[in-house]
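Next come the chains, spelled out residue by residue.
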Number of protein chains: 2
Amino acid sequence: MARAATTTDVFNAVAEPRRRQILDILADGERSVNDLVAEIDLAQPLVSKHLRVLRQVGLVSVRDEGRQRLYRLHGPALKPIHDWVARYQRTWNERLDALDELLNELQKEEHNGRTGE
Amino acid sequence: MARAATTTDVFNAVAEPRRRQILDILADGERSVNDLVAEIDLAQPLVSKHLRVLRQVGLVSVRDEGRQRLYRLHGPALKPIHDWVARYQRTWNERLDALDELLNELQKEEHNGRTGE
DNA sequence: CTATTATATACCCATATGGGAATATGTCAA
DNA sequence: TTGACATATTCCCATATGGGTATATAATAG
């Protein structure tokens, strides 16, 4: 076996800098393939390939508009990564514990003071 | 060029499931190589190889103890991933905007009420 | 229908991968 | 010193990669 396939999971898909770059651009809004080709310095076929990977792991969706294909970011697919990393966040952010308490506090208030919203 | 080297950045290092598994174990505390070999089902040389990658990107540190080498998690190395993903978090967590406001609020209080702490 | 534009796919290649097995290195014990 | 234990390194291999170039497919224009 070589490395795990990039299309297998989001972690691998996002490990490639070009693909993160594409996502960063799409975060700003829908783009056609040529738009992306213009914004990053990469040949069109390569952009298409990266988009394919991103599509396969659910990170982007496509919409046909005439002869263009408009790609749109689908952020929720990143949640697994976020969830995994978040478990380690306390390692570098000591304020998180305090925030935890605060959130619990607020949740309590929400339950008491606004019962029935 | 093939894929970017795993040792290049944290994103690639963490793209490998085995390495995430190792980190997950180390999150519980220091471990020797053999401890890790026992906990995940993988041959010792492979564990050593994965540890090497993790060391190279700063995700773990080593400490010699007799003939053992104790590996320890170094969480802050994950911060780049966290920071990158966090930018997209609003996509799936609508409550974040509210939290933003809240935090700003608190920061203001902190500046006014406790000036000089 | 043909040409042009937009995108995707197929092919080739150099390279890094992760697993496996064997072996080297390092450390302690007898 | 010799042997057992712990870990790292080296070698080989099958495979997936990402880039490049050429080409296929799709859609619109003329």
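Rules of the game
- Residues numbered from 1 in each chain as written.
- Chains lettered and ligands numbered in written order.
- Predicted model: local features only at pLDDT ≥ 70, side-chain atom pairs only at ≥ 80, totals over all residues.
- Heavy atoms only, no water.
- Pairing = 2+ DSSP bridges.
- Helix = DSSP H or I, 4+ residues; strand = E, 2+ residues; numbered from the N terminus.
- Contact = heavy atoms within 4.5 Å.
- Axes fitted to C-alpha atoms, helices over the stretch in contact; angles between N-to-C directions.
- Expected span 1.5 Å × (residues − 1).
- Buried < 20%, exposed > 50% of the residue type's maximum accessible area, 1.4 Å probe, protein only.
- Arc of directions from axis to C-beta.

Draft legend 1. The arrangement of the sheet that holds strand E2 (residues 60-65) of chain A in detail. Residue and element names in this part refer to chain A. Across the sheet, three strands lie side by side as E1-E3-E2; this open sheet has antiparallel pairing. Looking at the sheet topology across the chains shown, the edges are occupied by strand E1 (31-32) and E2. Sheet strands touched by helix H2 (residues 17-26): E1, E2 and strand E3 (68-73). Its angle to E3, the strand with the most contacts, is close to 90°.

Draft legend 2. Summary view of the sheet that holds strand E2 (residues 60-65) of chain B. Residue and element names in this part refer to chain B. If you walk across this open sheet you meet the three strands as E1-E3-E2, and the pairing is antiparallel. In the strand order of this sheet, the two ends are held by strand E1 (31-32) and E2, each with one partner. Here helix H4 (residues 44-56) sits on the sheet and contacts E2 and strand E3 (68-73); the angle it forms with E2, its principal contact strand, is near 120°.

Draft legend 3. How the structure looks around H4 of chain B. Residues and elements named next belong to chain B. The end-to-end C-alpha separation of H4 is 18 Å, in line with the 18 Å expected for 13 residues at 1.5 Å each. Where H4 is concerned, the buried positions are Val 47, His 50, Leu 51, Val 53 and Leu 54. Considered in projection along H4, the buried side chains sweep an arc of 155° and stay on one side of the axis. Every exposed residue of H4 that faces more than 90 degrees away from the buried side is listed here: Lys 49 and Arg 52. Check the buried side of H4 and you find it contacts helix H1 (10-15), helix H2 (17-26), helix H3 (33-39), E2 and E3. One or two positions beyond H4, positive phi appears at Gly 58, with a value near 80°.

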